[in-house]
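Summary of the model geometry
Chain by chain, the residues:
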Amino acid sequence: MSMAHLVVQLLSGLAAGSVLFLIASGLSIIFGVTRIVNFAHGSFTMLGAYLTIDLIGRLPDGGFGFWAAVGLAALVAGGLGVLLERLVLRRLYRSPELFPLLATFGVVLIVQDAALALWGPEDLLGPRAPGLTGTVLVLGLRFPVYDLFLIALGPVVLGLLRLVFHGTGWGTRVRAATEDPEMAAALGIDQHRLFTGVLFLGSALAGLGGALQVPREAITLQMDMATVIEAFVVVVIGGMGSLGGAFVAALLIGVLQAFGILAFPRIALVLVFLVMAVVLMLRPNGLFGRAEPAAGSHQALSQGSFAPPGPLARLVGGIALGLLALVPLAANDYSLIVLTEIFILALFAASLHFLLAVGGMVSFGHAAFFGLGAYGAALAVTGLDAAMLPALALAPLAAGLGAALVGALCVRLGGVYLAMLTLAFAQILWSIVFQWSSVTGGDNGLLGIWPEPWASGRAAYYWLTLVLCAGAMLGLRRLVAAPFGYALRASRDSALRAAAVGLPVDRLRWLAFALAGALAGLAGGLQAFAKGSVFPALLAVPTSVDGLVMVLLGGLEALSGPLVGAAVFHGLETEAMRGTGHWRLLLGAVILAMVLVCPSGLSGVVGRVAARLTGSARRP
Amino acid sequence: MPTLKKSAPSLGFVATQALAAVALAAVALGAAMLPIVPAVAAEPVRIGEINSYTGLPAFTVPYRQGWQLAVEEINAAGGVLGGRPLEVISRDDGAKPGDAVRIASELVAAEKVALLAGTFFSHIGLAVGDFAQHNKILFVAAEPLSDSLTWSKGNRYTFRLRPSNYMQCAMLVEEAAKLPARRWATVAPNYEYGQSATGWFKTLLKERKPGTSFVGEQWPTQGKLEAGTTVQALAALEPDALFNATFAADLAKMVREGTQRGLFEGRTVVSLLTGEPEYLDPLKDEAPVGWIVTGYPWDQITTPEHRVFLEAYRRRFGEPPRLGSVVGYTTFKAIAAALEKAESTATERLVEAFEGLEVMSPFGAIRFRAIDHQSTMGAYVGRIAVKDGRGTMVDWRYADGADYLPADDIVRTLRPAP
């Protein structure tokens, strides 16, 4: 390969990185200040792109029309960000950490349906940027002028943002509120107004990033999720709250991607996650991030004590279980299928809940272990000709082993860095399953994983699932009330003090991680036999997101939360999908409504109301 | 070791458990109270239809319009089996195979459908095909392209309409072999469709034209192609010709970037699916002139059967059909023909009816082969041109699918023994 080709490849990578930075910079600002995992950021990017194409059609042709459309689209996206903050997020600042994620997930669903209704299903290819359509010769090779413009734009935006944050009073106040919210509030800084401004700026940058994609990309309805995950990776690699870090990370990814595909053409699938895994293992706070305060001093996910159930609760639980066991006598096949799925998802969600609420560890990649379990069971059947029960036994083993390995590398990290490292490993595992066609069947999956004859009836498989899931969840409940559970909670609430009294904090966290993985694996194994087939999608990000949504919807404060969350989310989704083509709109609206009405999860609000009724204010 | 303190029975705890039970019961009840259709004289024949309507609307929405038109025509002409109308229960699978399998069970168990049809993505088609075999119900796969659907994972209960990956590659290889090009590079999305298309193209072209060399390949992630760097990497290989299997948004940006950077100058590109209106229309006047493609030149086909379809479709929906429209339309015409031939809705009778079934499609007569359950529906092969500011196909011909399948004795080795 000639020198000229390498230079142009480098420039192409820088242009790609520049676009990534524009989008990630907005996310970095929002995330750095509000600590909200804003899934809707990608939706604003997508809206920015669609709005630009739409406005170009309405404005006069030529340079003015194009650039006015870009600017207007960014402003509208910023305005939508303000609406999101005013109407939704503002009500959630006192909810547990992560909870706003659920609200923004609802917004993502609503925007997806709205964009389809507004702009139709077809991909849109917008016009090129007037004045920047040509190419220049770089060492004898043609290179688009627009890409040069993008390469220049990155540092300009970075410089302007630095100016805003370090050269204006508003920026200084935002930084103060970020560093020490309580002190800033005590000094009379109105945090709500600051956050509104931050959401405006961040969302406008997302919209601008989308708008500037128009001349070089076809705009599709899948843009949103594709964008937000990569933007998050950039923010985390750079170090949270560090704009310069995000800039370096974005360019690093762009350039590594450009040269990576020359040597390994298939690496595009996983490269960003490989980079993130390596960076976070070497520098647990990202390239330019500062160490987070020690675990325990920042807002905790949950401080639930999860006391063991009293006799009345046991009685109700026992009756509920008995009733569920009797369901097959009355219900039809289809409701048995849906209930079986709910049990499986409830176990998956319960394992994630254990990790989050009891272990204090957020995972964005928990689906990896669900999928490992499913593939473990499926490979036992297709590869080893195993019977169903041995295959099911292998599921938690395979997943637990995988979780033990991943956990060994992850658990010493904290907060969002831990979550993103689990995401990286999940994506790496996913890409292995996706690529290794000779063993895993690639994206065509493994077929023919049906239960043995004795369990193949709907009712029989229902009972099998009920026994295994209820058994596992009751076991988990016992474990939380056992010394291990107490020790784990101690490490969650104050790692320093726990270590000081001699608890092996990292080992406790590691064991919890492996256990949660194993239980997710059991759920995955049951899923494989329920569906008859397994696919890489089981390990993918959307499955992890579904798990988080179920846990948050159910609430973190009660051990029955995951069951409530799984029943409500899955029941709602299946019924909405049966009833309407606009199920995403419906689901998104219902999630949003639930978040606003019960800002600490369904089980949380029920628990509080009940506690108030009995006057036993047990929870803080 | 901490000792457990007996806590008073907490109502909160009870209440959350009760809530869980209530939620579960509500789901069970909701499912149990499905409407029951009373048997009347002209009891409809119920068909379960599953597709990725929200996951891939660009292709599946025209597809849905296609089958709606077919069903309306069939019912207006008196239905099937002596006056029974077709009733389609259509569901979105959200582009998730697990959901598709649940919906398939729902359609069979609760809606009592006579057969299943639809799907776009290969893995979802395979999942539903496996479900069909396990539950002994007929499944007519409309759009998935994977060869394994009718070959390595083929089964008694699964049939497929669209020409497979192999067939479309064989059509393109015939044209590619006529080119003087010796050095080829390939670009395809990194999943089974792209892998098998590239694999077949290489194998078949080398067989047909020894001395052909493949100098390099690019495997962008589906939906996330980074156009600048991918185009530059291909240009650096300095091939005589390119084989492309990317489509949709990936195709659009690669065409734009490649045209700007001169990748296609002096090189012929042979490209799968690019002539389909779903993917060609968004390119407008930037459609890559001269590419050899498979597709559907709807505005130029003058056969009587296509003319009738085109007029009916435009009258009904006020827009031209896409390839998906033809696929949806033909799938349901074939189902109606099979019902008439079987004189029954019983699965085994329907399977036998589908084997060797002949049916008229907008592309002409097609047949569902008994040997591998693949239909002989073909595709149009031609070159891309730009006319009146939009892409179209020129110098095209209809490649009949029957001519682009391996010999029967080879096909028998590709399918598992029944």
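**Things to note about the overall build of chain A**
When you go through chain A residue by residue, the secondary structure sums to 25 helices and six strands. Since a compact globule built from 620 residues should have a radius of gyration of about 25 Å, the 25 Å found for chain A is in line with a globular shape. With the C-alpha coordinates of chain A rotated into their principal frame, the extents come out at 75 × 60 × 50 Å. For chain A, contacts bridging at least 24 residues in sequence account for 81% of all contacts bridging at least 6. Accessible surface, chain A: about 22,100 Å² in total, of which carbon and sulfur atoms supply 69%. One way to put it: in chain A the 33 positive side-chain charges average out to a point 10 Å from where the 27 negative ones average out.

**Notes on the domain arrangement of chain A**
Residue and element names in this part refer to chain A. Partitioning chain A into structural domains gives domain 1 (3–282) and domain 2 (311–538). Taking only C-alpha atoms into account, the centre of domain 1 sits 34 Å from that of domain 2. In this assembly, 19 residues from domain 1 lie in contact with 19 residues from domain 2. When domain 1 packs against domain 2, the two sides together hide about 1,600 Å² of surface, and 83% of this comes from carbon and sulfur. Taken together, domain 1 and domain 2 are joined by zero salt bridges. For the pair domain 1 and domain 2, the number of links is two residue pairs in polar contact (both at pLDDT 80 or more). For the side of domain 1 that touches domain 2, the elements supplying multiple residues, two or more each, are α9 (223–238) and α11 (271–282).

**Quick look at the confidence of the model for chain B**
Summarising the model, chain B shows a mean pLDDT of 91, and 90% of its residues fall at 70 or more. In this model, residues 1–13 of chain B is a region of pLDDT below 50 whose contacts with residues beyond four sequence positions or in other chains number 18 contacts.

**Description of the sheet that holds strand β5 (residues 158–160) of chain B**
Residues and elements named next belong to chain B. Reading across the sheet, the five strands line up as β2-β1-β3-β4-β5 and stay open at both edges, with parallel pairing between neighbours. Each edge of the sheet is formed by a strand with only one pairing partner; in this case those strands are β2 (86–92) and β5. Recorded for the sheet is a direction-independent mean angle of 25° between the axes of neighbouring strands. Of the strand pairs in this sheet, strand β1 (residues 45–51) and β2 are connected by seven bridges, and their pairing is parallel. Its bridge partner being in β2, Val45 is matched across the sheet by Leu86.

**What to know about the interface of chain B and chain A**
Listed by partner, the interface residues are 92 residues for chain B and 101 residues for chain A. Together, the buried faces of chain B and chain A total about 8,200 Å²; carbon and sulfur atoms form 62% of this surface. Counting the contacts that link chain B with chain A gives 10 salt bridges. A salt bridge links Arg578 of chain A to Glu106 of chain B; its shortest N-O distance comes to 2.4 Å. Connecting chain B to chain A are 30 residue pairs in polar contact (both at pLDDT 80 or more). Examining the composition of the side of chain B that touches chain A, we find that 17 residues originate from one element, helix α1 (residues 11–32) of chain B, more than from any other. The residue inventory of the side of chain B that touches chain A, partitioned by class, reads 40 nonpolar, 27 polar and 25 charged.

**Here's the deal with the confidence of the model for chain A**
Residues and elements named next belong to chain A. The predicted model of chain A has a mean per-residue pLDDT of 90, with 96% of residues at 70 or higher. The model gives residues 294–299 a pLDDT under 50, and that stretch makes 10 contacts with residues more than four places away or in other chains. Here residues 616–620 scores under 50 on pLDDT; set against residues more than four positions off or in separate chains, the count is six contacts.

**Topic: the nonpolar core**
Counting residues in hydrophobic clusters, the biggest one holds 352 residues, and the most contacted among them are Met276, Phe364 and Met420 of chain A together with Trp184, Phe332 and Phe354 of chain B. When residues in this core are grouped by element, the largest group, 19 residues, is from helix α13 (residues 333–358) of chain A. If you look at the next biggest cluster of nonpolar residues, it comprises six residues, including Ala4, Val8, Leu141 and Phe143 of chain A.

**A closer look at the side chain of Ser43 of chain A**
Residue and element names in this part refer to chain A. Summarising the element assignment, Ser43 is placed in helix α2 (residues 40–58). Judged by its relative accessible area of 0%, Ser43 falls in the buried class. Apart from the residues lying within four places of it in its own chain, the contact partners of Ser43 are Val108, Val111 and Asp224.

**Topic: the domain arrangement of chain B**
Residues and elements named next belong to chain B. By domain assignment, chain B separates into domain 1 (45–163 + 302–377) and domain 2 (166–299 + 381–404). Contacts between domain 1 and domain 2 engage 25 residues on the former and 19 residues on the latter. Broken down residue by residue, the surface that domain 1 buries against domain 2 is led by Asp147, Pro163 and Phe363, which jointly contribute 23%. Where domain 1 touches domain 2, the interface holds one salt bridge. A salt bridge links Arg162 to Glu276, with the shortest nitrogen-to-oxygen separation between them at 2.8 Å. Across the contact surface, domain 1 and domain 2 share nine residue pairs in polar contact (both at pLDDT 80 or more). Elements with a contribution of two residues or more to the side of domain 1 that touches domain 2: α2 (57–76), α10 (304–317) and α11 (323–342). Among the elements that take part in the side of domain 1 that touches domain 2, α10 stands out by supplying four residues, more than any other. For the side of domain 1 that touches domain 2, the class distribution of residues is 14 nonpolar, seven polar and four charged.

**So, the pattern of salt bridges**
Here the structure, examined in full by the defined rule, presents 36 salt bridges over all chains. Note that Arg316 of chain B and Glu72 of chain B form a salt bridge whose closest N and O atoms lie 2.7 Å from each other. Placement of the pair is Arg316 of chain B in helix α10 and Glu72 of chain B in helix α2, with a sequence separation of 244 residues. The partly exposed category is assigned to Arg316 of chain B, whose relative accessible area is 39%. Since its relative accessible area comes to 35%, Glu72 of chain B is described here as partly exposed. Within this structure, Glu575 and Arg578 of chain A together with Arg46, Glu87, Arg91, Glu106 and Glu111 of chain B form a network of salt bridges that share partners.

**Regarding the sheet that holds strand β9 (residues 268–275) of chain B**
Residues and elements named next belong to chain B. Taken in spatial order, the seven strands of this open sheet run β7-β6-β8-β9-β10-β13-β14, and their pairing is mixed. Each edge of the open sheet is held by one strand with a lone partner, namely β7 (213–218) and β14 (390–399). Going from strand to strand, the sheet's axes swing by 30° on average, the running direction of each strand aside. With five bridges joining them, strand β6 (residues 183–187) and β7 adopt parallel strand pairing. In the strand pairing of β7, Ala185 is matched with Gly216. Against the sheet, helix α6 (residues 192–208) makes contact with β6, β7, β8 (241–244) and β9, and its axis sits at roughly 170° relative to β7, the strand it touches most.

What counts and how
- Residues numbered from 1 in each chain as written.
- Chains lettered and ligands numbered in written order.
- Predicted model: local features only at pLDDT ≥ 70, side-chain atom pairs only at ≥ 80, totals over all residues.
- Heavy atoms only, no water.
- Helix = DSSP H or I, 4+ residues; strand = E, 2+ residues; numbered from the N terminus.
- Rg over C-alpha atoms; globule rule 2.2 N^0.38 Å.
- Contact = heavy atoms within 4.5 Å.
- Areas by Shrake-Rupley, 256 points an atom, 1.4 Å probe, with all protein chains shown as cover.
- Lys, Arg positive; Asp, Glu negative; His and termini not counted.
- Charge placed at Lys NZ, Arg CZ, Asp CG, Glu CD.
- Domains from an automatic or database assignment.
- Buried area = accessible area lost by both parts, 1.4 Å probe.
- Salt bridge = Lys/Arg side-chain N within 4 Å of Asp/Glu carboxyl O.
- Polar contact = N/O pair within 3.5 Å; in protein donor to acceptor, adjacent residues only side chain to side chain.
- pLDDT = per-residue confidence, 0-100.
- Pairing = 2+ DSSP bridges.
- Axes fitted to C-alpha atoms, helices over the stretch in contact; angles between N-to-C directions.
- Nonpolar A, V, L, I, M, F, W, Y, C, P; charged D, E, K, R; others polar.
- Core = buried A, V, L, I, M, F, W, Y, C linked by side-chain atoms within 4.5 Å.
- Buried < 20%, exposed > 50% of the residue type's maximum accessible area, 1.4 Å probe, protein only.

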